[in-house]
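Take a look at the letters that make up each chain.
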Amino acid sequence: MTKAEILSYFEKTGGMLRGHFILTSGRHSDTYMQCAKLFVDTVSSEKICTALSEKLKKFGASAIVSPAVGGILMGYEVARQLNIKNYFAERENGVFNLRRGFEIEKGAKVIVVEDVVTTGGSAKEVVNLLKNMDVDVVCVASIVDRSGGKADFGVPYESLIQLDIATFDSSDCPICKTGIPAIKPGSKGLK
């Protein structure tokens with residue numbers, strides 16, 4: 001699947017937003033990749049997850065673990081495509097944990113799946129959670145890498161596309177200086 005094809009699915013579903021956004025990382029940007037909109041269209045999201053799953057077969061994982069909320073739908077579809085187990089980690093008192101009775105065997109080969117990576121903070125937290133449980137994290141994967149190649153998880157990282165979208169520290173954001181209000185459309189900013 002080409003970059004143009006992937007972006008066409010985002011455009012078709014309204015998943016690429018333009019404006020002034022506060023990202024999950026706290027950084028600001030004029031572009032927001034809203035994967036939740038992509039996953040409303042089950043045909044488009046299945047095609048994207050199929051393409052990512054093809055890249056992940058080589059890792060021989062037995063499970064997917066995603067950070068909630070953004071990675072849950074994607075994690076499910078990637079796990080379904082790979083015919084492996086699917087889990088998600090949730091924040092509890094500000095820290096990611098496995099809840100709902102989820103248990104992963106020590107030594108299990110796991111892929112951490114996130115929809116969009118900017119700084120990689122949420123995925124890194126899940127990787128650390130799993131490593132502290134003696135789980136073998138063999139890869140981190142995302143649909144979109146907007147880190148500029150800077151995301152380092154200490155394990156291989158696979159993405160479908162890399163986008164060079166500028167992000168700004170909130171104290172030095174040129175969009176803020178124009179007076180355009182910033183909105184937070186992600187899972188931490190939903191009303």
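About the criteria used
Residues numbered from 1 in each chain as written. Predicted model: local features only at pLDDT ≥ 70, side-chain atom pairs only at ≥ 80, totals over all residues. Heavy atoms only, no water. Helix = DSSP H or I, 4+ residues; strand = E, 2+ residues; numbered from the N terminus. Rg over C-alpha atoms; globule rule 2.2 N^0.38 Å. Buried < 20%, exposed > 50% of the residue type's maximum accessible area, 1.4 Å probe, protein only. Salt bridge = Lys/Arg side-chain N within 4 Å of Asp/Glu carboxyl O. Core = buried A, V, L, I, M, F, W, Y, C linked by side-chain atoms within 4.5 Å. Contact = heavy atoms within 4.5 Å. Pairing = 2+ DSSP bridges. Axes fitted to C-alpha atoms, helices over the stretch in contact; angles between N-to-C directions. Expected span 1.5 Å × (residues − 1). Arc of directions from axis to C-beta. Parallel < 35°, antiparallel > 145°, perpendicular 65-115°, else oblique. Left-handed = near helix turned anticlockwise from the far one by under 90°. Nonpolar A, V, L, I, M, F, W, Y, C, P; charged D, E, K, R; others polar.

### Observations regarding the overall build of the protein
Reasoning step 1: Within the protein, the regular secondary structure consists of six helices and nine strands.
Reasoning step 2: The C-alpha atoms of the protein give a radius of gyration of 16 Å, which matches the 16 Å a tight globule of 191 residues would have.
Reasoning step 3: Taken along its principal axes, the extent of the C-alpha atoms in the protein is 50 × 35 × 30 Å.
Reasoning step 4: Here the protein, with 191 residues, has 48% of them falling under the buried criterion.

### Considerations on the pattern of salt bridges
Reasoning step 1: Enumeration over the complete set of coordinates arrives at twelve salt bridges.
Reasoning step 2: Between Glu-46 and Arg-80 there is a salt bridge; the shortest N-O distance is 3.2 Å. You can see Glu-46 sitting in helix α3 (residues 42-56) and its partner Arg-80 sitting in helix α4 (residues 72-82), a full 34 residues away along the chain.
Reasoning step 3: Residue classification places Glu-46 among the partly exposed positions, given a relative accessible area of 34%.
Reasoning step 4: Overall, the relative accessible area of 42% leaves Arg-80 in the partly exposed class.
Reasoning step 5: The partner of Glu-125 in a salt bridge is Arg-91, and the shortest N-O contact between them spans 2.9 Å.

### A closer look at the nonpolar core
Reasoning step 1: Phe-10, Leu-56, Val-78, Ile-111 and Ile-143 are the most contacted members of the largest nonpolar core, which totals 33 residues.
Reasoning step 2: Mapped onto this core, the elements with two or more residues apiece are α1 (3-13), α2 (35-38), α3, α4, β6 (109-117), β7 (136-145) and β8 (157-162).
Reasoning step 3: Once residues within four sequence positions are removed from consideration, Ile-143 is found in contact with Phe-10, Cys-35, Leu-38, Phe-39, Ile-48, Leu-52, Met-74, Glu-114, Asp-115, Ser-159, Leu-160 and Ile-161.
Reasoning step 4: With 22 residues, the next largest nonpolar core counts Ala-63, Ala-108, Val-117 and Val-137 among its residues.

### Observations concerning the sheet that holds strand β9 (residues 167-168)
Reasoning step 1: The three strands lie next to each other as β1-β2-β9, forming an open sheet whose pairing is antiparallel. Pairing within the sheet leaves two strands with one partner each, and these edge strands are β1 (16-22) and β9.
Reasoning step 2: Sheet topology places β1 next to strand β2 (residues 28-33); five bridges connect them, and they run antiparallel. Along β2, the bridge assignment pairs Phe-21 with Ser-29.

### Side note on the sheet that holds strand β3 (residues 63-67)
Reasoning step 1: Sheet architecture is open: six strands sit in the order β5-β4-β3-β6-β7-β8, paired in mixed fashion. At either margin of the open sheet sits one strand with a lone partner, and together these are β5 (95-98) and β8. Strand after strand, the sheet turns through a mean of 25 degrees between neighbouring axes, direction not considered.
Reasoning step 2: Here strand β4 (residues 85-92) pairs with β5 via four bridges, running antiparallel. For Glu-92, the partnering residue across the bridge sits in β5 and is Val-95.
Reasoning step 3: Of the strands in this sheet, β3, β4, β6 and β7 touch α4, which is tilted by about 170 degrees from β3.

### Some thoughts on helix α5 (residues 121-132)
Reasoning step 1: Along its twelve residues, α5 runs 17 Å from first to last C-alpha, staying within 8% of the 16 Å computed at 1.5 Å per residue.
Reasoning step 2: Here α5 has its buried residues at Ser-122, Ala-123, Val-126, Val-127, Leu-129 and Leu-130. The arc that holds every buried residue of α5, seen down its axis, measures 160 degrees, which confines them to one face.
Reasoning step 3: Elements in contact with the buried residues of α5: β3, β4, β5, β6 and β7.

### Description of the packing of α3 against α4
Reasoning step 1: Between α3 and α4, whose axes approach to 9 Å, the crossing angle comes to 60 degrees. What the angle tells us is that α3 and α4 run oblique. For the crossing formed where α3 meets α4, the hand is right-handed. For the pair α3 and α4, the contacting residues are Glu-46, Cys-49, Thr-50, Leu-52, Ser-53 and Leu-56 in the first and Met-74, Glu-77, Val-78, Arg-80, Gln-81 and Leu-82 in the second.
Reasoning step 2: Among the residues making up the contact of α3 with α4, the classes are represented as six nonpolar, three polar and three charged.

Remember, this is a structural readout, not a statement about activity or role.
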